[in-house]
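Listed below are the residues making up each chain.
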Amino acid sequence: MAQWLDNAIFYEIYPQSFRDTNGDGIGDFQGIIEKLDYIKELGCNAIWLNPCFESPFGDAGYDVSDYYSAAPRYGTNEDLRRLFTEAHNRGMHVLLDLVPGHTSVEHPWFKESMKAEKNEFTDRYVWTDDVWEIPENMGHIGGISERNGACVVNFFSHQPALNYGFYKPEKSWQQSMEDEGPKATLEAMKDVMRFWLGMGCDGFRVDMAGSLVKNDEEGKGTIKLWQNVREFLNEEFPDAAMVSEWGEPDKSIQGGFHMDFLLHFGPSHYNDLFRCAEPYFSGRGKGDISAFVQKYMENYEKSEKKGLICIPSGNHDMDRLARRLHGDELKVAFAFLLSMPGAPFIYYGDEIGMRYVEGLKSVEGGYNRTGSRSPMQWDATTNAGFSSAPKEKLYIKQDESADRPTVEAQLADKDSLYYEVKKMIQIRQSTPALQSKGEITFVYAEKNAYPFAYIRKSGDDRILVIINPSEKEASFAGDFTVKEVLYSFGKEAEFADGKVTVSGGTAGFYRI
Ligand code: NOJ
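Keep in mind that this is a model prediction, so the values were computed, not measured.

## Re the sheet that holds strand S19 (residues 499-502)
1) Next: Strand order in this open sheet of three strands is S16-S19-S18, and the pairing throughout is antiparallel. Edge positions in the sheet fall to strand S16 (474-477) and strand S18 (494-496), since each has one partner strand and no second. Sheet twist, expressed as the average angle between the axes of neighbouring strands with direction ignored, equals 20°.
2) Next: As judged from the four bridges shared by S16 and S19, these two strands associate in the antiparallel manner. Considered in S19, the bridge of Ser475 is made with Thr501.

See below:
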């Protein structure tokens, strides 16, 4: 079991946009290696690296054309191996991004699968047996193969769905999970995992992990499939960490994943907090956290002691945290993100409040996501220290505002978001109750109300977390004896006469 997950704090790196060392305008492995000390200094001890394999990049690398080769624009397999080693030397772990649900149309498997003659890859993807038979409720590719059939897609129309079978096959072309084709697909994916784990990666963030078995509304087939993968890992790589992009922890954790994300899609109400018209973390104080807390607790109870739920600051698919939250609101939001159970995930640049860059043209299938993928802002040199390439050659345009945040400027300012995040990470790292497995009980999380409060607990140690994003003073009933103030942003809470009162825009961790 990947014990290190219990105290992991992840940093998500979108390799394209992190640090370019060869001046071609796009990030690379060497750039990541050079910045490992920065990540470690911030306090993160684990990395999730977005897909970095060969690809035509129609979906930023989530359209793999060779699972076994690093994309040359980032470096070689040996460079990637060096990245693992350098991370390990610093006590850090690295998760690669596994995309098991689909490939690029350029993958040799798909090219073989398109052939009219039967071959090893005929059943590697989900095909109907007549081009005019359109799969219901699923996108499809049709008219580009000599094979007579339509191929189901998993995401964009250039991402054909790999065939893991149907939970309940209904049509002649729908294979069962036990058929040879689906079984071979799963074995092929295990080989991919074996290859990278053997090279030194510590596990995977799994893309669309819940999408593999089709006609599987309750996820039963997909859960079974992942249990099979877990058995393989237990035998060959017992320490491999598995984090799913599924958004339904009750299912993914049954499938043997260690952690699942609560995300901007799915029924988690995560959006209510940071990414809706009136986010809970806005100082306007018009948000609601109660639905989120209810969903969270439902999931928490189902997954408790079996796995973890993680709440990311953002990722490459959603608006930057700083699109709707500003200034101190971000600090208060991080107080929440860094004091919840499960491993926190910090999306690169969120620790300095990088903004969503408005009005960008879509790059590599990014569309509205492109604004959250702009190159990291390190310092005041050319292209904010991201790359020495001419500005027009940058992978994605940078935030061009004069006051764009940079690491350098925030390092020089003790009141910066960077320092606040770093301080909270340090407190978390030295307080087991605040870490991944510390228990949580909500004390106050009422509908349309502020503040909200919860207790984190490990053994006898109990930490009361009180968060008031609203700019107005707020209070709730509660009788607590505070032994120690571990952290306070803004004025400390007042505890008197069975009531807790907090000023606007504050957050605090109190040992009780
Ligand atoms: C989820 C990934 O995070 C996203 O970036 C990608 O476009 C889709 N899955 C398809 O792989």
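Next, the rest of the story.
## Digging into the site of the ligand
1) Next: Around the ligand, a shell composed of Asp59, Tyr62, His102, Phe155, Arg205, Asp207, Met208, Glu245, His316, Asp317, Arg369 and Arg373 is seen.
2) Next: In this structure, a nitrogen atom belonging to the ligand sits 2.8 Å away from a side-chain N or O atom of Asp207.
3) Next: Take His316: an N or O atom from its side chain is 2.8 Å from an oxygen atom of the ligand.
4) Next: The protein chains hide 98% of the 300 Å² of surface that the ligand would expose on its own.

## Focus on the environment of Gly198
1) Next: For Gly198, the location among the structural elements is in helix H5 (residues 180-199).
2) Next: Residue classification places Gly198 among the exposed residues on the basis of a relative accessible area of 55%.
3) Next: Put simply, Gly198 and Met92 are 106 residues apart on the chain and 17 Å apart in space, counted from C-alpha to C-alpha.

## Re helix H6 (residues 220-236)
1) Next: Between its terminal C-alpha atoms H6 stretches 25 Å, which fits the 24 Å expected from 17 residues at 1.5 Å a residue.
2) Next: Every buried residue of H6 is listed here: Gly221, Thr222, Ile223, Leu225, Trp226, Val229, Arg230, Phe232 and Leu233.
3) Next: Elements that come into contact with the buried residues of H6 comprise H5, strand S8 (203-206), strand S9 (241-244) and helix H7 (249-254).

## What to know about the environment of Pro56
1) Next: When you line up the elements, Pro56 lands in the loop between strand S3 (53-54) and strand S4 (66-70).
2) Next: Judged by its relative accessible area of 37%, Pro56 is partly exposed.
3) Next: C-alpha separation for the pair Pro56 and Ala240, spaced 184 residues apart in sequence, amounts to 28 Å.
4) Next: Excluding residues that lie within four positions of it along the chain, Pro56 makes contacts with Asp63, Ser65, Ser104 and Glu106.

## A closer look at the side chain of Asp319
1) Next: With respect to the helices and strands, Asp319 occurs in the loop between strand S11 (308-310) and helix H10 (328-337).
2) Next: For Asp319, the side chain forms a polar contact with the side chain of Arg323, separated by 2.9 Å.
3) Next: The contacts of Asp319, once residues within four sequence positions are left out, are Arg275, Tyr356 and Ser372.

## Here we look at the environment of Lys472
1) Next: With respect to the helices and strands, the residue Lys472 is situated in the loop between strand S15 (461-468) and S16.
2) Next: Taking the relative accessible area as the measure of exposure, Lys472 reaches 57% and is therefore exposed.
3) Next: Along the primary structure Lys472 and Glu217 are separated by 255 residues, whereas in three dimensions their C-alpha atoms are 44 Å apart.
4) Next: Setting aside residues up to four positions removed in sequence, Lys472 forms contacts with Ser503 and Gly504.

About the thresholds
- Residues numbered from 1 in each chain as written.
- Predicted model: local features only at pLDDT ≥ 70, side-chain atom pairs only at ≥ 80, totals over all residues.
- Heavy atoms only, no water.
- Pairing = 2+ DSSP bridges.
- Helix = DSSP H or I, 4+ residues; strand = E, 2+ residues; numbered from the N terminus.
- Axes fitted to C-alpha atoms, helices over the stretch in contact; angles between N-to-C directions.
- Near = heavy atom within 4 Å.
- Polar contact = N/O pair within 3.5 Å; in protein donor to acceptor, adjacent residues only side chain to side chain.
- Areas by Shrake-Rupley, 256 points an atom, 1.4 Å probe, with all protein chains shown as cover.
- Buried < 20%, exposed > 50% of the residue type's maximum accessible area, 1.4 Å probe, protein only.
- Expected span 1.5 Å × (residues − 1).
- Contact = heavy atoms within 4.5 Å.

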